Every structure is written in C-alpha cells, then in structure tokens.
Amino acid sequence: MLFILWLAILPVSTDSDNGRNHYLRYLALALVIPALLLSIQRFVAEHHEKDLLQARIDQNWNGVLSEFNQIYKPRLLTLDALATSPFYYKAEAEFMLHDYNDALEDNLEALNAAPNYVCTLNNIGSCYVKLRNLSAGKVFFTRALAISPNFEESLLNLATVYYNQNELDSAYECVRKCDTSQVGSRAQKLARALWGIRK
C-alpha cells in the first residue's frame, strides 16, 4: 500500500507521456484510499473486539454488549473468519443477564458463522431449556455431542434434561461419561443424585 502511495506522489515527468503518468497517479490514488479506509476500519474493529474480550474476562456483561454494539452497529470487520464470533460473546452476556430470547437469537447468529462450534450448540440448548423448550434443548445438546462425544458441558446439560423428564437411565448414561471425581463439581452432584435414586 505504501508503494502505491509513493507512486501516486511521484513527480510527473515533463516528457510526452505526461497524460499516461497522470493516469497512473489517479489509479494509484484510487487503490490507496479504499485500502487505507479498510485498514482503519479493521483496526477500530479489532480494538473494540479486544475490549469486548476483556469485558468478558472481567464478567462485565453490560460492557460486552456495549463493545459488541461498537463493532456491529457500524458493521465493522471482525478479527478473522477463524475467530469466535462476537455474537457468541454477546449471547453469553445476554444469557448471564437472563435475557434468554436475545441470547438464543444471537447464538443462532453465531451458529451461522461456525456451524460446528460445540459451545454455541450447547448454549443454544441451554437457552431453549431456560425458555422451557426441553425437546429443542435436547436436540442441540445431542448435536454438540455428535461433534464432540465427551463434551462434558453438553453431557451434563442433557443429563439434567433427562433427569427432569424422569428418564433416569438416559441421564445416568450421560453422567457416566463425565469426570465425577472432582469434589463438589456439577458432575459429582448430579451423579450422587442419580445413584441415590437408582439404589
């Protein structure tokens, strides 16, 4: 980009191809200006995305939503196609603020960006469960487990749904795949509840 800018500001020669040099100068400027604007836009988006991630670490959910709006209201570019979608973080903040309908909507948007991201699939299932649609929740937990069969978060969420629907054998099968050795963990609590019922 700097080379093209350098070409644009080169002095125009005084010989007969003066018109051709003007054409090259305008062409160079036409390439430099959009590239420069795009670079500035990307820098601003990355700055807001960094602040969004810091707000998430600090569990400042309103800060996450504010930074997301700075990225997506003017529709700036995101970091890259392989990064986690900012919609995922926005949905997480909305979920933590008990706004399950918006969290579901933004998780579905994040799913469009990364259809096989098990955390998003799990979070969609959690939103459906919070909205009392257990069958849809089971579908998304199962989809996450089809991609990553040992994803403990989905196993435990699915086990909890089975437990609440009194499908204790299915719940037990999910918990059996989890690490129940950590004292006080969710897996251990659910396992104790299930094993207490099965006895």
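As the structure is a computational prediction, the values presented were derived from the model and not from experiment.

S.K.: Describe the environment of arginine 192, listing the residues and the values that go with them.
M.R.: Within the element layout of this structure, arginine 192 appears in helix α10 (residues 186-198). Separated by 17 residues in sequence, arginine 192 and valine 175 place their C-alpha atoms 10.0 Å apart.

S.K.: Give a detailed account of a nonpolar patch on the surface, specifying residues and quantitative values.
M.R.: A grouping of Tyr26, Leu29, Ile33 and Leu37 is seen on the molecular surface, where their side chains present a nonpolar patch of about 410 Å² in accessible area. Mapping leucine 29 onto the fold places it in helix α2 (residues 18-57). Taking the relative accessible area as the measure of exposure, leucine 29 reaches 31% and is therefore partly exposed.

S.K.: Break down the packing of helix α7 (residues 134-147) against helix α8 (residues 152-164) for me, citing the residues and quoting the values.
M.R.: A packed helix pair is summarised by two numbers, namely the angle formed by the two axes and the spacing between the axes. α8 packs onto α7 with a crossing angle of 150 degrees between their chain directions and a minimal axis gap of 9 Å. By the angle between their directions, the pair α7 and α8 is classed as roughly antiparallel. Crossing angle aside, the handedness with which α7 passes α8 is left-handed. For the pair α7 and α8, the contacting residues are Leu134, Lys138, Phe141, Thr142, Ala144 and Leu145 in the first and Ser154, Leu155, Asn157, Leu158, Val161 and Tyr162 in the second. Tallied by class, residues from the contact of α7 with α8 come to eight nonpolar, three polar and one charged.

Here is what the cut-offs are and how they apply
Residues numbered from 1 in each chain as written. Predicted model: local features only at pLDDT ≥ 70, side-chain atom pairs only at ≥ 80, totals over all residues. Heavy atoms only, no water. Helix = DSSP H or I, 4+ residues; strand = E, 2+ residues; numbered from the N terminus. Patch = residues over 30% accessible without salt bridge, like charges linked within 9 Å, V, L, I, M, F, W, Y side chains within 5 Å. Areas by Shrake-Rupley, 256 points an atom, 1.4 Å probe, with all protein chains shown as cover. Salt bridge = Lys/Arg side-chain N within 4 Å of Asp/Glu carboxyl O. Buried < 20%, exposed > 50% of the residue type's maximum accessible area, 1.4 Å probe, protein only. Axes fitted to C-alpha atoms, helices over the stretch in contact; angles between N-to-C directions. Parallel < 35°, antiparallel > 145°, perpendicular 65-115°, else oblique. Left-handed = near helix turned anticlockwise from the far one by under 90°. Contact = heavy atoms within 4.5 Å. Nonpolar A, V, L, I, M, F, W, Y, C, P; charged D, E, K, R; others polar.

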